[in-house]
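# Analysis of the macromolecular model
Residue-level listing of the chains:
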Amino acid sequence: MIAAGTQIELSIGVTFGISTMAGYVEALASRLGLQVPDLTAKQVHMWPTRLSSHLGKALGITIGCILGMFPLLFLVLLFNAIPFVGFGFLDNAIMIAAGTQIELSIG
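Residues numbered from 1 in each chain as written. Predicted model: local features only at pLDDT ≥ 70, side-chain atom pairs only at ≥ 80, totals over all residues. Heavy atoms only, no water.

What follows is about the overall build of the protein chain. A count of helical and extended segments in the protein chain gives 5 helices and 0 strands. Expressed as a percentage of the 107 residues in the protein chain, the buried residues total 2%. When the accessible surface of the protein chain is summed, it comes to about 9700 Å², and 74% of that surface belongs to carbon and sulfur atoms. (Helix = DSSP H or I, 4+ residues; strand = E, 2+ residues; numbered from the N terminus. Buried < 20%, exposed > 50% of the residue type's maximum accessible area, 1.4 Å probe, protein only. Areas by Shrake-Rupley, 256 points an atom, 1.4 Å probe, with all protein chains shown as cover.)

Rendered as structure tokens:
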């Protein structure tokens, strides 16, 4: 799926000249009224500029990871609510039936 997603993003990126996610982020930033600062070369290499850039990137990655893991919460809740749904449903049913028969025969 990752390879397919990469190919899709590359084809869309070539067609429109941008990355799909970058396009969404730029559109959101422009709607919020954020502008790209006009920095000189000296300002770009200053310590506070680099620090804020790296912190912004780290924050963006963190938020992206949290949003990406959000659907896993629903999987955990689903599998806890319905314990025998998922991988090995037939195996679980056989083990329950066998366990019941063993308990009945042992007494």
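Once you've had a look at it, read on.
A residue-level look at the protein chain finds 71% of positions with pLDDT of 70 or above and a mean pLDDT of 77. When mean pLDDT is taken per element in the protein chain, helix H3 (residues 41-44) scores highest with 92 and helix H1 (residues 2-16) scores lowest with 71. (pLDDT = per-residue confidence, 0-100.)

This part is about a nonpolar patch on the surface. Where nonpolar side chains cluster on the molecular surface, the patch consists of Ile-66, Met-69, Leu-72 and Leu-75 and spans about 390 Å² of accessible area. With respect to the helices, strands and loops of the structure, Ile-66 is situated in helix H4 (residues 47-81). (Patch = residues over 30% accessible without salt bridge, like charges linked within 9 Å, V, L, I, M, F, W, Y side chains within 5 Å. Salt bridge = Lys/Arg side-chain N within 4 Å of Asp/Glu carboxyl O.)

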